[in-house]
Amino acid sequence: MIVRKTAAELEKMRRSGLLVFQILQKMKEIAVEGASTMDLEIAAEKMIADAGARPAFKGYYVPAAGEAYKFVLCTSVNEEIVHGMPNPRRVLKKGDIVSIDTGVKLDGYYGDSAVTVPIGEVSEQTRKLLRVTRESLELAIEQVRAGHRLFDVCGTVEEHVTSNGFSVVREYVGHGIGTQLHEEPQVPNYVDRRNENPRLKEGMVLAVEPMVNAGRPEAVVRKDRWTAVTKDGSNSAHFEHCVAVTENGPWVLTRP
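Residues numbered from 1 in each chain as written. Predicted model: local features only at pLDDT ≥ 70, side-chain atom pairs only at ≥ 80, totals over all residues. Heavy atoms only, no water.

Undergrad: Looking at this structure, how should I read helix α1 (residues 7-30)?
TA: Residues lying three or four places apart along an α-helix face the same way, a consequence of the helix completing one turn every 3.6 residues. With 24 residues, α1 extends 35 Å between its outermost C-alpha atoms, agreeing within 8% with the 34 Å of an ideal straight helix rising 1.5 Å per residue. Buried residues of α1: L10, M13, R14, S16, G17, L19, V20, I23, L24 and M27, and no others. (Helix = DSSP H or I, 4+ residues; strand = E, 2+ residues; numbered from the N terminus. Expected span 1.5 Å × (residues − 1). Buried < 20%, exposed > 50% of the residue type's maximum accessible area, 1.4 Å probe, protein only.)

Undergrad: Please clarify how the pairing of strand β6 (residues 97-106) should be interpreted in this entry.
TA: Side-chain positions along a regular strand alternate between the two faces of the sheet. Burial within β6 is extensive, with nine of its ten residues counted as buried. Bridge count between strand β1 (residues 54-55) and β6: two bridges; the pairing is antiparallel. Bridge assignment links P55 to a residue of β6, and that residue is V104. In this sheet, β6 lies alongside strand β4 (residues 73-77) in antiparallel orientation, the contact comprising five bridges. Bridge pairing links V77 to V98 in β6. Between β6 and the antiparallel strand that follows it, strand β7 (residues 109-118), lie two residues; D107 among them carries a positive phi value of about 55°. (Pairing = 2+ DSSP bridges.)

Undergrad: Looking at this structure, how should I read unusual backbone geometry?
TA: Peptide bonds are trans in most cases, and residues, glycine excluded, mostly fall at negative phi. That bond from E184 to P185 is cis: its omega, 0°, falls within 30 degrees of zero. Mapped onto the secondary structure, P185 falls in strand β10 (residues 183-187). Phi angles above zero are rare outside glycine, and H83 is one such case at about 70°. Mapped onto the elements, H83 comes out in the loop between β5 (80-82) and β6. Look at D107: it is not a glycine, yet its phi comes out positive at around 55°.

Undergrad: Would you explain the side chain of E183 in this entry?
TA: In this fold, E183 is placed in strand β10. Only 3.5 Å separates the side chain of E183 from the backbone nitrogen of G178, close enough to count as a polar contact. (Polar contact = N/O pair within 3.5 Å; in protein donor to acceptor, adjacent residues only side chain to side chain.)

Undergrad: How should I be thinking about the sheet that holds β5 in this particular structure?
TA: Strand-to-strand pairing in sheets goes through backbone hydrogen bonds, with the strands running parallel or antiparallel. Strand order in the open sheet formed by three strands is β5-β14-β13, and the pairing between neighbours is antiparallel. The sheet terminates laterally at β5 and β13 (219-221), the two strands that pair on one side only. Averaged over all pairs of adjacent strands, the angle between their axes in this sheet comes to 40°, without regard to strand direction. (Axes fitted to C-alpha atoms, helices over the stretch in contact; angles between N-to-C directions.)

Undergrad: How should I be thinking about the packing of helix α3 (residues 124-141) against helix α4 (residues 150-163) in this particular structure?
TA: How two helices pack is summed up by the angle between their axes together with the distance between the axes. The geometry of α3 relative to α4 is characterised by a closest axis approach of 8 Å and an angle of 150° between their N-to-C directions. Viewed along their axes, α3 and α4 adopt a mutual orientation that is roughly antiparallel. Crossing geometry of α3 relative to α4 is assigned as right-handed. Residues V132, E135, S136, L139 and A140 of α3 pack against V153, T156, V157, H160 and V161 of α4. (Parallel < 35°, antiparallel > 145°, perpendicular 65-115°, else oblique. Left-handed = near helix turned anticlockwise from the far one by under 90°. Contact = heavy atoms within 4.5 Å.)

Undergrad: What is the right way to read the side chain of N213 from this model?
TA: When you line up the elements, N213 lands in strand β12 (residues 211-213). Side-chain polar atoms of N213 contact the side chain of S236, separated by 2.8 Å. Those residues in contact with N213, other than ones at most four positions away along the chain, are I81, L129, F166, S167, V169, E218, T230, S234, N235 and S236.

Undergrad: Help me understand helix α2 (residues 37-50) in this model?
TA: For α2, which comprises 14 residues, the first-to-last C-alpha distance of 20 Å matches the rise-based estimate of 20 Å (1.5 Å per residue) to within 8%. When we look at burial in α2, the residues that qualify are T37, M38, L40, E41, A44 and I48. One side of α2 holds all its buried residues, which, seen down the axis, span an arc of 145°. Across from the buried face of α2, at angles greater than 90 degrees, the exposed residues are I42, K46, A49 and D50. On the buried face of α2, the contacting elements are α1, β1, β4 and β6. G52 sits one or two positions beyond α2 and adopts a positive phi of about 75°. (Arc of directions from axis to C-beta.)

Here's what the structure looks like:
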């Protein structure tokens, strides 16, 4: 069932979303050459606690992993697509990219967002990968309007990514969000005609999150049972925003 939010509920989600935005802005400052992904984790956990919020990811049980996640961030470096775990031994180097994904629960409602950060100078292809992934998210956000259908959002990402020579990950998708971190509907970054194609209505909130590979789309999970990586070892980028359907068009809850 797709849950539509009231104006008051959207305002609560807005507060959660802005906290996530603030955390990611700080993470972008810390994510420099010589920093470890655990440095990011420590700073993010403190910001969440200081704000009186709860981390969305830490303690989240995933059956496929057989355990609950242990961190407030996912920090996925280079060929890691999603669910990379912070590690004091994972030191960022010039030329790396790191996808930072986090969420919080504040006053009963979730916010969730992700950004991919280049470390120093990166290759021209990697700059293009980040640019195209960001663009695909912005184009998809424009489709989050009452009367449009879910496939308008999904297909917009797929078309922009593939027309630029990259590929979208199929194993991991966006989602509805509200009082639960993951609500209906699923939001793939491609048109999956096996799924339903609901019409978007006011009050729906979608976490739209393109995950884009420089090479082929296939993903595999490492032996740690969490970290998803590109099967061909190519770099992967990930950007995400929570977007509400309103009478005035898309409202991005996870940025000012």
